[in-house]
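Each chain is listed here by its residues.
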Amino acid sequence: MKHRELAAVALILGLSLTLCSSQIYVLTDKGGLGRAFDGIGGLSGGGATSRLLVNYAEPYRSQILDYLFKPNFGASLLLHLHILKVEIGGDAQTTDGTEPSHMHYENDENYFRGYEWWLMKEAKKRNPNITLISLPWAFPGWVGHGKNWPYDFPDITAAYVVNWILGAKQYHDLDIQYVGIWNERNYDSKYIKLLRYTLDKSGLDTVRIIASDSLWEPVVQSLLLDPELSRAVDVIGAHYPGTSSVKEALKTQKKLWSSEDYSTFNDEVGGGCWARILNQNYVNGLMTATISWNLVASYYKDLPFSRDGLMTAEEPWSGSYVVESPIWITAHTTQFTQPGWSYLHTVGHLAQGGSYVALTDGKGNLTVVIETMTRDHSVCIRPPLPPFNVTSQNATFHLQGSFASIKELQVWRSQFNFKTKKSSFFETLTPQKLFDGSFTLELAEDEVYTLTTMTTGQKGSYPDSPPLYFADQTGVFEYYINMTDPGPHVFTLRQVVTERPVTWAADADQTISVIGDYQ
């Protein structure tokens, strides 16, 4: 009898010691919910970042698109991005190349140039609910009337942008839901108001405006001081915010997005960067959408920012592509949530470093994402990352409110191993049992966990994968049938830009295109 009593006391003491050594985090909806989740996305453009993707032969091209956009195929669930953002081509260099405009000249309209139309249709084919966003980096020269500035004639610029949105619908049955102003350049309040007016007049009142795809300031102050401007803008989009917003942005009561982020070499440190900011953009900055530049690194590797995409597809001649770690880090959230879910108010930082977020569909489902990325293994290309510490820890999560009756959660884990180089990504573990609404995890450094009521998770995959290519850098070459030549030059590429565009970067003063393959 005494032995049994001693054993019971030892068990109670052991449990008490475990609880004492484990920080407790409450997850509840008792006090209401946090902001609505708007999704995770990728950016094609800014520029020509998907240029080589269109040249992949089947089945490899479809496999890449499935990894990015398809909610399921067969028994497998893949990445399922919620957002696709594309460049409105402007005939000018915008980082890794030139994307052609739909209006090279004032009296010219062609809504089949380039590959963004194709990419949006392929994304929609796989996920009809994907959100489509458009943003200009540059404008044809006629828009600026010879000046490197698109706002002297705001009515012309607004009409040019609205024509692109109308063309997307008329020729491709694509509904663009959001449009931006001018990527990482000055905005003009008069132009934004006129853009809103032109959209409404054209029957595009459901298209929302994002401003200003740069820093939080000064657009936040402009919105607070100008009620008419505030009515025109629906989302404040900041680039590379370092997981932080500003107090004044919260005062606007607008949606806050990291409308361009990541831009980091997609090795495992890049995966760690992505894991950290996906959680902490909301924990620190209440940003409800994060968009990666870029969607897929599909441009020649000697061009700037090689492999700064969620995955890599830079060899159409071989069919080879690589599903990089950021793909599986994204799946930790996108497979188990949808836009329209809500964050809980009870999100935050872990006691020994790292962060956790929790989201619900309001119908009883709960998804918790936890990351413990250390500083040196989660550095993004920008902005500078201050020092911080993360150490192994026990964390106990206690579910309250409508989640108190949950008895079991599905578990998915990614473990970065920078010493052995044998990391494991998006692996399913034994379901986690809950006792009295609580569960405890032993969290190591550089891990990502998802615990969820959703039972649909799968790690999809395809078998390992195995001409002449033009990637325009300045100017735009287009395929041309020269019927006046009876010889071998009937089928040619012709330079079509005859006037210097309103540029985004320091374009060369002559046309440039990178051609060829690596064989």
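Summarised in this report is the structure supplied together with it. (Residues numbered from 1 in each chain as written. Predicted model: local features only at pLDDT ≥ 70, side-chain atom pairs only at ≥ 80, totals over all residues. Heavy atoms only, no water.)

## Description of the side chain of Ser258
Alright, step 1. With respect to the helices and strands, Ser258 occurs in strand β11 (residues 255–262).
Alright, step 2. We classify Ser258 as buried; its relative accessible area is 0%.
Alright, step 3. A polar contact of 2.6 Å, which involves the side chain of Ser258, links it to the side chain of Asp261.
Alright, step 4. Residues within four places of Ser258 in sequence aside, it is in contact with Ala238, Pro241, Asn281, Met287, Ala289, Thr290 and Ile291. (Helix = DSSP H or I, 4+ residues; strand = E, 2+ residues; numbered from the N terminus. Buried < 20%, exposed > 50% of the residue type's maximum accessible area, 1.4 Å probe, protein only. Polar contact = N/O pair within 3.5 Å; in protein donor to acceptor, adjacent residues only side chain to side chain. Contact = heavy atoms within 4.5 Å.)

## Examining the nonpolar core
Alright, step 1. Formed by 121 residues in total, the largest nonpolar core has its most connected members in Phe69, Leu84 and Leu195.
Alright, step 2. Ranked by residue count, the leading element in this core is helix α4 (residues 154–172), at 8 residues.
Alright, step 3. Those residues in contact with Leu84 that lie beyond four places of it in its chain are Gly42, Ser44, Phe69, Leu119, Met120, Ala123, Ile130, Thr131, Leu132, Ile133 and Leu295.
Alright, step 4. Judged by nonpolar contacts, the second largest core, of 22 residues, contains Ile370, Ala395, Ile406 and Tyr449. (Core = buried A, V, L, I, M, F, W, Y, C linked by side-chain atoms within 4.5 Å.)

## Description of the packing of aromatic side chains
Alright, step 1. Applying the stated criterion across every chain yields a total of 30 aromatic pairs.
Alright, step 2. Note on Tyr151 and Tyr191: the rings are 5.4 Å apart at their centroids and 40 degrees apart in plane angle, and the pair reads as tilted. Placement of Tyr151 in the loop between β7 (131–136) and α4 and of Tyr191 in helix α5 (residues 189–201) is noted, with a sequence separation of 40 residues between them.
Alright, step 3. In this structure Tyr151 comes out as buried when scored by relative accessible area, which is 6%.
Alright, step 4. An angle of 40 degrees between the planes, with centres 6.0 Å apart, marks the rings of Phe336 and Trp412 as tilted. Here the residue Phe336 occupies a position in the loop between α10 (325–334) and β15 (342–344), and Trp412 occupies one in strand β20 (residues 408–415), the gap between them amounting to 76 residues.
Alright, step 5. What makes Phe336 buried here is its relative accessible area of 1%.
Alright, step 6. The class of Trp412 is buried, set by a relative accessible area of 7%.
Alright, step 7. Grouped by ring-pair contacts, the aromatic residues Tyr67, Tyr321, Trp328, Phe336, Trp412, Phe426 and Tyr462 constitute a single cluster.
Alright, step 8. If you follow Lys459 out to its NZ or CZ, it ends over the ring of Trp328, 5.0 Å from the centre. (Phe/Tyr/Trp six-rings, centres within 6.5 Å; stacked < 30°, edge-to-face > 60°. Lys NZ or Arg CZ within 6 Å of the ring centre and 35° of its normal.)

## Digging into the packing of helix α9 (residues 268–285) against α10
Angle between the axes and distance between the axes: these two values describe a pair of packed helices.
Alright, step 1. Between α9 and α10, the least distance of the axes is 8 Å, while the angle of their chain directions is 20 degrees. By the angle between their directions, the pair α9 and α10 is classed as roughly parallel. The crossing of α9 and α10 is right-handed. On α10, the residues that touch Glu268, Gly271, Trp274, Ala275 and Leu278 of α9 are Ser325, Pro326, Ile329 and Thr330.
Alright, step 2. Of the residues belonging to the contact of α9 with α10, the class tally is 5 nonpolar, 3 polar and 1 charged. (Axes fitted to C-alpha atoms, helices over the stretch in contact; angles between N-to-C directions. Parallel < 35°, antiparallel > 145°, perpendicular 65-115°, else oblique. Left-handed = near helix turned anticlockwise from the far one by under 90°. Nonpolar A, V, L, I, M, F, W, Y, C, P; charged D, E, K, R; others polar.)

## Considerations on the sheet that holds strand β3 (residues 39–44)
Alright, step 1. Read around the closed barrel, the 8 strands follow the order β3-β6-β7-β8-β9-β10-β11-β12; overall the barrel is parallel.
Alright, step 2. The pairing of β7 with strand β8 (residues 178–179) spans 2 bridges and is parallel. Its bridge partner being in β8, Ile133 is matched across the sheet by Tyr178.
Alright, step 3. Against the sheet, α5 makes contact with β8 and β9 (208–214), and its axis sits at roughly 150 degrees relative to β9, the strand it touches most. (Pairing = 2+ DSSP bridges.)

## Here's the deal with the packing of helix α3 (residues 116–126) against α4
Alright, step 1. Their axes nearest at 12 Å, the elements α3 and α4 cross at an angle of 60 degrees. Our classification of the angle between α3 and α4 gives oblique. Considering only the axes of α3 and α4, their crossing is right-handed. From α3, Trp117, Met120 and Lys121 reach across to α4, where they touch Trp164, Gly167, Ala168 and His172.
Alright, step 2. Per-class residue counts for the contact of α3 with α4 are 4 nonpolar, 2 polar and 1 charged.

## Here's the deal with the pattern of salt bridges
Alright, step 1. The full count for this structure, using the stated rule, is 18 salt bridges.
Alright, step 2. Here Glu122 ties to Lys125 by a salt bridge, and the two come within 3.1 Å at their closest N and O atoms. One end of the pair, Glu122, and the other, Lys125, are both in helix α3, 3 residues apart, so they sit about a helical turn from each other.
Alright, step 3. For Glu122, a relative accessible area of 12% puts it in the buried group.
Alright, step 4. You can call Lys125 exposed: its relative accessible area is 58%.
Alright, step 5. When the shortest N-O distance is used, the salt bridge between Lys433 and Glu408 registers 2.5 Å. Placement of Lys433 in strand β21 (residues 424–433) and of Glu408 in strand β20 is noted, with a sequence separation of 25 residues between them.
Alright, step 6. Residue class for Glu408 comes out partly exposed when judged on its relative accessible area of 31%.
Alright, step 7. A single network of salt bridges, built from pairs that share partners, joins Asp66, Glu122, Lys125 and Arg126. (Salt bridge = Lys/Arg side-chain N within 4 Å of Asp/Glu carboxyl O.)

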